[in-house]
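# Coordinates in review
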Amino acid sequence: MQILALNCGGSSIKYKVFSMPEEKVLVQGSVERIGSQGTTLRHQDLTGEAAECRKHLRRGDYGEALEEILKLLQPYRIDAVGHRVVHGGASLRRPARIDAAVLATLKACCQLAPLHNPANVAGIEAVARLLPEVPQVAVCDNTFHLTLPPRAYLYGLPYEYYERYGLRRYGFHGITFTYMVHRAAAMLGRRLQELKIVSLMLGSGTTANACCGGVSVDVSTGFTPTEGLLQSTRCGDVDPGVLVYLLRQEGLAPDALEEVINKKGGWLGISGISNDYRAVEEAARQGHERARLALEVLAYRAKKYIGAYAAAMGGIDVLIFSGGIGEKSSILRREICRGLEFLGIKLDAERNENGSGDRLISSPEASVQVLVVHTDEEVMIARETVKVLTGKEPSGAFGQG
């Protein structure tokens with residue numbers, strides 16, 4: 001089978017075409033800066049003599065981006081399309097073939113993940129329009145976390161709201177956490193079932209996860225992706241009383257408040273500089289006080305979650321950094337791990353500062369193994385798509401380190 005794995009994010013699209021089950025990437029590409037000026041599509045054909053093209057999109061919306069992607073993929077047979085979907089609620093407990101009922105569920109969850117689910121739905125509808133005979137599969141980010149026990153997912157609100165509205169912690173980045181923990185176990189030559197792992201997915205969106213014995217037992221993101229760590233534009237953990245106060249003091253309507261906590265907060269809101277972490281880190285390096293403060297808040301919150309999850313699991317064996325920031329920022333990794341020696345976490349300065357790809361960066365004498373893992377959500381999407389459509393477990397391996 002040839003599977004198109006489509007990952008529509010808040011302002012970008014990533015895609016790969018896999019030949020399955022060998023998991024060979026035939027084509028890959030991305031569209032950046034959707035919804036703003038300078039929307040650019042980058043496309044790589046990896047068959048034969050590798051060819052690459054770039055083009056700027058005039059409208060810069062999801063519809064145009066997907067139309068251009070599918071035009072470039074016309075020479076290839078697409079047997080199925082797998083989509084990353086951020087929020088599938090509690091009813092989609094596993095990846096599912098998309099039909100009218102599944103699509104309705106995903107649309108209903110748009111209010112819970114307003115930065116991503118509308119883009120995910122746009123991708124599904126565009127493929128249905130342009131490739132109407134091709135089956136599609138939804139792989140939801142929160143599914144990995146549906147194993148959370150009630151003590152971890154319930155909020156301290158009247159229980160009737162959980163029963164009536166499904167108000168609970170869902171958690172996100174589950175596709176990438178699945179990849180990260182399996183890859184870490186393979187790198188260390190250990191059985192996943194014997195490991196207590198804290199994973200930090202640090203990109204534009206950020207999530208911390210506690211995985212004990214291969215099962216997600218706690219996660220920082222909640223009912224929506226807004227809760228938890230500081231993110232690029234999302235505020236993360238905040239006293240709910242602050243939101244009530246803002247509603248009264250600023251006279252904000254609910255939509256305006258949602259705009260504040262989802263699009264005006266995070267390291268953008270604190271620094272006042274950018275939602276691009278690289279720009280904030282560079283400003284901090286040059287002495288910008290609010291940029292420095294934003295990065296301190298990000299590192300401090302991540303540090304607290306590591307400690308909390310170590311306590312919840314009764315220890316920690318492995319700490320994983322992933323995502324564009326987690327993989328590339330040695331400064332942030334250093335600041336997060338600073339002071340955690342009492343947990344057995346100690347970085348090797350040389351390993352942390354240098355190297356690329358999947359690697360061990362902890363000191364040889366540390367009892368906790370600290371890893372950098374380059375996640376591959378698209379291969380997980382392709383594997384799950386094959387599994388849904390064939391009923392067979394894919395044979396892909398995570399490899400040894």
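Quantities reported herein were computed from a predicted structural model and do not represent experimental measurements. Counting restarts for each chain, with residues numbered from 1 along the sequence as it is written. Owing to the predicted nature of the model, reporting of local features is limited to residues with pLDDT of at least 70; listing and counting of side-chain atom pairs is limited to 80 or more, with chain, interface and lining totals taken over all residues. Hydrogens and waters are ignored; side-chain quantities use all the structure's heavy atoms.

## Focus on the overall build of the protein
What counts here: Where helices and strands are cited, they refer to DSSP runs of H or I of at least four residues and of E of at least two residues respectively, numbered from the N terminus. The buried label goes to any residue with under 20% of its type's maximum accessible area, the exposed label to any with over 50%, and the partly exposed label to all in between, with areas taken from a 1.4 Å probe on protein chains only. Contacts were defined at the residue level, with two residues in contact if any of their heavy atoms lie within 4.5 Å. Per-residue and other accessible areas follow the Shrake-Rupley method at a 1.4 Å probe size, with only the shown protein chains counted as cover for residues. In this tally, Lys and Arg are treated as positive and Asp and Glu as negative; His is ignored, and so are the chain termini. Where a charge sits is defined by one atom per residue type, namely NZ (Lys), CZ (Arg), CG (Asp) or CD (Glu).
The helix and strand inventory of the protein stands at 15 helices and 14 strands. Here the C-alpha coordinates of the protein stretch approximately 55 × 55 × 45 Å along the principal axes. Taken over 401 residues, the protein has a buried fraction of 52%. Summarising the internal contacts of the protein: among those between residues at least 6 apart in sequence, 62% fall at separations of at least 24. Total accessible area computed for the protein in this model is approximately 18,100 Å², and 51% of it derives from carbon and sulfur atoms. Between the mean site of the 46 positive side-chain charges and the mean site of the 45 negative ones, the protein shows a separation of 1 Å.

## Some details on the environment of Gln-111
Within the fold, Gln-111 resides in the loop between α2 (100–108) and α3 (117–130). On the accessibility criterion, Gln-111 (63% relative accessible area) is exposed.

## A closer look at the nonpolar core
Rule in force here: Each nonpolar core is a collection of buried residues, namely Ala, Val, Leu, Ile, Met, Phe, Trp, Tyr and Cys, held together in the definition by side-chain atoms within 4.5 Å.
One finds Leu-200, Ile-306, Leu-319, Ile-336 and Ile-345 to be the most contacted residues of the largest nonpolar core, which totals 36 residues. Of all the secondary structure elements, the ones that give two or more residues to this core are β9 (196–202), β10 (206–212), α10 (277–285), α11 (289–313), β12 (318–322), α13 (330–337) and β14 (369–372). Take this core: its biggest share by element is 11 residues, from α11. Residues Val-137, Ile-175, Met-180 and Val-379 belong to the second largest nonpolar core, which totals 30 residues.

## As for the pattern of salt bridges
Where we set the bar: One side-chain nitrogen of Lys or Arg within 4 Å of one carboxyl oxygen of Asp or Glu is enough to make a salt bridge.
Applying the stated criterion across every chain, the model contains 24 salt bridges. Taking the shortest distance from any N to any O, the salt bridge between Asp-61 and Arg-59 comes out at 3.0 Å. Residue classification places Arg-59 among the partly exposed residues on the basis of a relative accessible area of 45%. With a shortest N-O distance of 3.1 Å, Glu-160 and Arg-164 are connected by a salt bridge. On the criterion of helical spacing, the pair formed by Glu-160 and Arg-164 is a turn pair, its members being 4 residues apart in helix α5 (residues 159–165). Residues joined in a network through salt bridges with shared partners are Arg-42, Glu-52 and Arg-54.

## Description of the packing of aromatic side chains
Quick reminder of the rule: Whether two aromatic rings pair depends on their centres lying within 6.5 Å, for rings of Phe, Tyr and Trp, where Trp uses its six-membered ring; planes under 30 degrees apart make the pair stacked, over 60 edge-to-face, and the rest tilted.
Tallied over the full model, the rule gives 6 aromatic pairs. For the ring pair Trp-267 and Tyr-277, a centre distance of 5.7 Å and an interplane angle of 80° mean the geometry is edge-to-face. Here Trp-267, found in helix α9 (residues 266–271), pairs with Tyr-277, found in helix α10; they are 10 residues apart in sequence, far enough to count as distant. The pair formed by Trp-267 and Tyr-277 is uniform in burial state, with each residue classed as buried.

## Topic: the packing of α2 against α3
Keep this limit in mind: Angles here are taken between N-to-C directions and fall from 0 to 180 degrees, while the axes themselves are lines fitted to C-alpha atoms, restricted in helices to the stretch in contact. In what follows, roughly perpendicular refers to angles from 65 to 115 degrees, roughly parallel to angles under 35, roughly antiparallel to angles over 145, and oblique to any angle outside these ranges. Less than a right angle of anticlockwise turn of the near helix away from the far helix marks a crossing as left-handed, whereas a clockwise turn marks it as right-handed. Only Asp, Glu, Lys and Arg are considered charged, only Ala, Val, Leu, Ile, Met, Phe, Trp, Tyr, Cys and Pro nonpolar, and every remaining residue, Gly among them, polar.
Where α2 meets α3, the axes come as close as 9 Å, and the angle between the chain directions of the two elements is 155°. For the element pair α2 / α3, the angle class is roughly antiparallel. Two packed elements cross with a definite hand, and for α2 against α3 that hand is left-handed. Judged by residue contacts, Leu-103, Leu-106 and Lys-107 of α2 engage Asn-117, Val-121, Ile-124 and Glu-125 from α3. Class assignment of the residues belonging to the contact of α2 with α3 gives a composition of 4 nonpolar, 1 polar and 2 charged.

## Here we look at the packing of α10 against α11
Axis separation between α10 and α11 bottoms out at 7 Å; the angle between their running directions is 115°. Two packed elements cross with a definite hand, and for α10 against α11 that hand is left-handed. Side by side, α10 and α11 meet where Tyr-277, Val-280, Glu-281, Ala-283 and Ala-284 of the first sit next to Ala-291, Arg-292, Ala-294, Leu-295 and Leu-298 of the second. Counted by class, the contact of α10 with α11 contains 8 nonpolar, no polar and 2 charged residues.

## Re the state of the cysteines
What counts here: Cysteine sulfurs are considered disulfide-paired once they come within 2.5 Å of each other.
Within the structure shown, the criterion is met by 0 disulfides. Left unpaired, Cys-110 is separated from the closest cysteine sulfur, that of Cys-109, by 7.8 Å.

## Some details on the pairing of strand β2 (residues 13–19)
Let me state the cut-off plainly: Two strands pair if DSSP finds at least two bridges between them.
A large share of β2 lies buried, amounting to 6 of its 7 residues. In the sheet, strand β1 (residues 2–8) pairs with β2 via 7 bridges, with the strands oriented antiparallel. Within the sheet, the bridge partner assigned to Cys-8 lies in β2 and is Ile-13. Count of turn residues in the β1/β2 antiparallel hairpin: 4 residues. Taken together, the 7 bridges between β2 and strand β3 (residues 24–32) define a ladder with antiparallel strand orientation. By the bridge assignment for β3, Phe-18 is matched with Val-25. Between β2 and β3, which pair antiparallel one after the other, the connecting turn spans 4 residues, and Glu-23 there sits at a positive phi close to 60°.

## Section: the sheet that holds β3
Within a sheet, neighbouring strands are paired by backbone hydrogen bonds and run either parallel or antiparallel to one another. On the basis of which strands lie adjacent, the open sheet formed by 8 strands has the order β5-β4-β3-β2-β1-β6-β8-β7 and mixed pairing. Every other strand in the sheet has two partners, leaving β5 (51–56) and β7 (96–97) as the edge strands with one partner each. Relative to strand β8 (residues 136–140), strand β6 (residues 80–85) runs parallel, the two sharing 5 bridges. The residue bridging Val-81 from the neighbouring strand is Gln-136, located in β8.

## Structural notes on the pairing of β10
Counted residue by residue, β10 has 6 buried out of 7 residues, so it is predominantly covered. Here β9 pairs with β10 via 7 bridges, running antiparallel. Directly across from Ser-199, in β10, lies its bridge partner Asn-209. Hairpin connection between β9 and β10: a loop of 3 residues separates the two successive antiparallel strands. One ladder, built from 4 bridges, connects β10 with strand β11 (residues 215–219); its direction is antiparallel. Counterpart to Cys-212 in the pairing with β11 is Val-215. As consecutive antiparallel partners, β10 and β11 are separated by 2 residues, and within that stretch Gly-213 has a phi angle of approximately 65°, a positive value.

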